[in-house]
Every structure is written in C-alpha cells, then in structure tokens.
Amino acid sequence: MLRAPDNQAIALAEALRDLKTRMRFCEICFNITETSPCVVCQSEGRSRKMICVVEEPLDVLAIERTRQFTGLYHVLHGAISPMEGIGPDDLKIRELVARAAEGTVEEIILATNPSLEGENTAAFIHKKLAPYQVRVTRLAHGLPVGGDLEYADEITLIRALEGRREI
Ligand SMILES: [Zn+2]
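Residues numbered from 1 in each chain as written. Predicted model: local features only at pLDDT ≥ 70, side-chain atom pairs only at ≥ 80, totals over all residues. Heavy atoms only, no water.

Asker: Got a minute to help me understand the sheet that holds strand β5 (residues 107-110) in this structure?
Answerer: Pairing between sheet strands relies on hydrogen bonds along the backbone, with the strands arranged either parallel or antiparallel. Taken in spatial order, the five strands make up an open sheet running β4-β3-β5-β6-β7, and their pairing is mixed. Only two strands of the sheet have a single partner each, and these edge strands are β4 (72-75) and β7 (165-166). Pairing analysis gives four bridges linking β5 to strand β6 (residues 135-138), with the strands arranged parallel. Within β6, the position partnered with glutamate 107 by the bridge is arginine 135. Packing against the sheet, helix α3 (residues 57-66) makes contact with β3 (50-54) and β4, and its axis sits at approximately 155° to β4. Helix α5 (residues 116-129) contacts β3, β5 and β6 of the sheet and is inclined by roughly 175° relative to β6. (Pairing = 2+ DSSP bridges. Helix = DSSP H or I, 4+ residues; strand = E, 2+ residues; numbered from the N terminus. Contact = heavy atoms within 4.5 Å. Axes fitted to C-alpha atoms, helices over the stretch in contact; angles between N-to-C directions.)

Set out below in structure tokens:
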C-alpha cells in the first residue's frame, strides 16, 4: 500500500468510501444491500411464508448458493454471547418477533451456527416465538459442530435444510 502510486491508493480509498455510502441494511431483513428493501425482500418469486434466520449477511449468501430456499431471510447480526457482552437486545430479535406477529409467516427456520452461542440464540428465539402461530424449525445435523455456516459446502447445507426439524 505504501509503495503503491498515490493515485492507486486514492482510487482505493474512494472506492471504499463509495461502498460505505451505498451500502445499508435492508429495513425488513437487515441484510446488507444497496436498496432497501433488498432484492430478496422485494422479489415476487420469494415465498412470504418462510423466514430463514441467520447470524450474518454471509450466511445468506451461503444458503442462496444452495438454490433450495425460496423464502425470505432475517439477519440477526450476531449471536447471544454473555462472554462477549452480547445480549438479545444487541441483535435483531425484536424485529424478527414483529415479523412473526404480522401473521403471514408460517415457518421460521433457525439457521444460526451450530455453536454454543448459535444454539443458545436459537433456543431464546424459539421461546420468544411461542405465542405466535408459526412453526419453528432448526437446521438438521450435517453441519459440522463448532463450524461456521458460511464455510459449509452446498451439499452439507442442502442436507441440513432438507432435514430441518421441529424444535
Ligand atoms: Zn431484505
């Protein structure tokens, strides 16, 4: 970077600045997007009856790669972690409950990571969704324990989606 010509460094800085000003969170699913609502939330072809809940925007990309999921998403932006001082209010959980309360959604798939934090987050959300008429499912095994959703291969993710179960 230091050895690069000035104009290259400036071009890179400008590209980053443009990216930063263009990118925002979708007002519905909280994925990173240039337009809000995002393309997925706006798409006529996506089922409004299913919401797949993930920890990070990259997890949305991982599930989109499988081409098996035709519903909508909800990005939590993390997982509950008392060790790191992250509580439910730091995540987009309230917003998810509000979407469930609207009554259109029939199934919510909790696709948080198969880690301690991810499991705890799924359990917490499951409890919060109890008052609503919505089926709550969790991704099946097939995902490596302690792994990250974004690094899972497509076959593993497809199996995990197919084998999701009631919790
Ligand atoms: Zn969206």
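Asker: I tried to follow the environment of glycine 147 on my own but got confused; where do I start?
Answerer: Residue position: glycine 147 is located in the loop between β6 and α6 (154-162). What makes glycine 147 buried here is its relative accessible area of 17%. Along the chain, glycine 147 and proline 114 lie 33 residues apart, while their C-alpha atoms are 6.6 Å from each other. Among residues more than four places away in sequence, those in contact with glycine 147 are Asn113 and Pro114. (Buried < 20%, exposed > 50% of the residue type's maximum accessible area, 1.4 Å probe, protein only.)

Asker: I'm lost on the pairing of β4 in this one. Help?
Answerer: The side chains of a regular strand alternate between both faces of the sheet. The side-chain alternation of β4 yields two buried faces, one formed by Leu72 and His74 and the other by Tyr73 and Val75. With four bridges connecting them, β3 and β4 associate as parallel partners. Residue pairing in the sheet places isoleucine 51 in a bridge with leucine 72 of β4. Assessed by its sense of winding, the connection that carries the chain from β3 through α3 to β4 is right-handed. (Right-handed = clockwise from strand over helix to strand, strands pointing away.)

Asker: Looking at this structure, I do not really get the packing of helix α4 (residues 93-101) against α5. What am I missing?
Answerer: Helix packing geometry: the angle between the two helix axes and the distance between the axes. One way to put it is that α4 packs onto α5 with a least axis distance of 10 Å and a crossing angle of 40°. With respect to their mutual orientation, α4 and α5 come out oblique. Considering how the two elements wind past one another, α4 and α5 form a crossing that is right-handed. In this structure, α4 contributes Ile93, Leu96, Val97 and Ala100 to the contact, and α5 contributes Phe124, Ile125, Lys128 and Leu129. Per-class residue counts for the contact of α4 with α5 are seven nonpolar, no polar and one charged. (Parallel < 35°, antiparallel > 145°, perpendicular 65-115°, else oblique. Left-handed = near helix turned anticlockwise from the far one by under 90°. Nonpolar A, V, L, I, M, F, W, Y, C, P; charged D, E, K, R; others polar.)

Asker: How do you make sense of the coordination of the zinc ion when you look at a structure like this?
Answerer: A four-donor tetrahedral metal ideally has 109.5 degree angles, and a six-donor octahedral metal ideally has angles of 90 or 180 degrees. Cys26 (SG), Cys29 (SG), Cys38 (SG) and Cys41 (SG) make up the full set of protein donors to the zinc ion, lying at 2.3 Å. The site at the zinc ion holds four donor atoms, and with the angles between them running 106 to 116°, its shape is tetrahedral. Donor residues for the zinc ion sit on one chain with the sequence pattern C-x2-C-x8-C-x2-C. Residue classification places cysteine 26 among the buried positions, given a relative accessible area of 1%. (Donors = N, O, S within 2.8 Å, 3.2 Å for Na, K, Ca; no water. Tetrahedral: all angles 85-135°; square planar, octahedral: opposite > 155°, others 65-115°.)

Asker: Quick question: what am I supposed to make of the layout of surface pockets here?
Answerer: To find the voids left in a structure, one rolls a probe of water-molecule size over its atoms. Estimates place the volume of the largest pocket at around 180 Å³. Lining the largest pocket, in full, are Pro88, Asp89, Asp90, Leu91, Lys92, Ile93, Arg94, Glu95, Val97, Phe124 and Lys128. Elements with a minimum of two residues in the lining of the largest pocket: α4 and α5. In terms of residues, the lining of the largest pocket owes the most to one element, α4, which gives four residues. Estimates place the volume of the second largest pocket at around 150 Å³. Along its surface, the second largest pocket is lined by Ile28, Cys41, Arg48, Ile51, Leu72, Arg99, Glu102, Thr104 and Val105. (1 Å grid on protein atoms, 1.4 Å probe; cavity = no way out; pocket = protein on both sides within 12 Å on 5 of 7 lines; lining within 4 Å. Points joined across faces, edges and corners; volume = space filled by probe spheres on them.)

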